[in-house]
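Structure assessment
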Amino acid sequence: TLPTAENAARCAEMLGTNLGNVGSNSIEKLLARTQLPTRVAGLPATNLIIESMLHDKKVMSGKLRLVLPSQGFSAHVVDDPSIEALRRAIDSIRA
């Protein structure tokens, strides 16, 4: 499984969201401190992950929608995020 909190935070940052004090580095440190994974070995190819996401329940009217963290422990919906940002976020959690 993907460490989703950290990956979501990385994706949000790569899409230009300012997470304030709750950035991906803070989330990564919290996950490591609680001995939860921050990197994943053996992930499928990034293109396969993205292709799977495009056939998921998160797609509406042919466009991917993600709920990503924003400043102050809140979240917002991002419609049709940059595929390149998704690619960088996924690749950033590879072991």
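Quick caveat, the model's predicted, so the values are computed rather than measured. (Residues numbered from 1 in each chain as written. Predicted model: local features only at pLDDT ≥ 70, side-chain atom pairs only at ≥ 80, totals over all residues. Heavy atoms only, no water.)

**Some details on the environment of Glu84**
Topologically, Glu84 is positioned in helix α4 (residues 83–91). Put simply, Glu84 and Glu28 are 56 residues apart on the chain and 22 Å apart in space, counted from C-alpha to C-alpha. (Helix = DSSP H or I, 4+ residues; strand = E, 2+ residues; numbered from the N terminus.)

**Describing the pairing of strand β3 (residues 74–79)**
In the sheet, strand β2 (residues 63–70) pairs with β3 via six bridges, with the strands oriented antiparallel. Bridge pairing links Leu66 to Val78 in β3. What sits between β2 and β3 in their antiparallel hairpin is a turn of three residues, with Gly72 showing a positive phi close to 75°. (Pairing = 2+ DSSP bridges.)

**Section: the nonpolar core**
Ranked by size, the top nonpolar core spans 20 residues in total, and within it Cys11, Met53, Leu66, Leu68 and Leu86 carry the most contacts. Where this core is concerned, the elements lending two or more residues are α1 (4–14), α2 (24–33), α3 (46–53), β2 and α4. Broken down by element, the residue count for this core peaks at four residues, all from α1. Beyond its immediate chain neighbours, meaning those up to four positions away, Met53 contacts Val59, Leu64, Leu66, Leu86 and Ile90. (Core = buried A, V, L, I, M, F, W, Y, C linked by side-chain atoms within 4.5 Å. Buried < 20%, exposed > 50% of the residue type's maximum accessible area, 1.4 Å probe, protein only. Contact = heavy atoms within 4.5 Å.)

Scope: geometric values only; no functional claims are made or implied.
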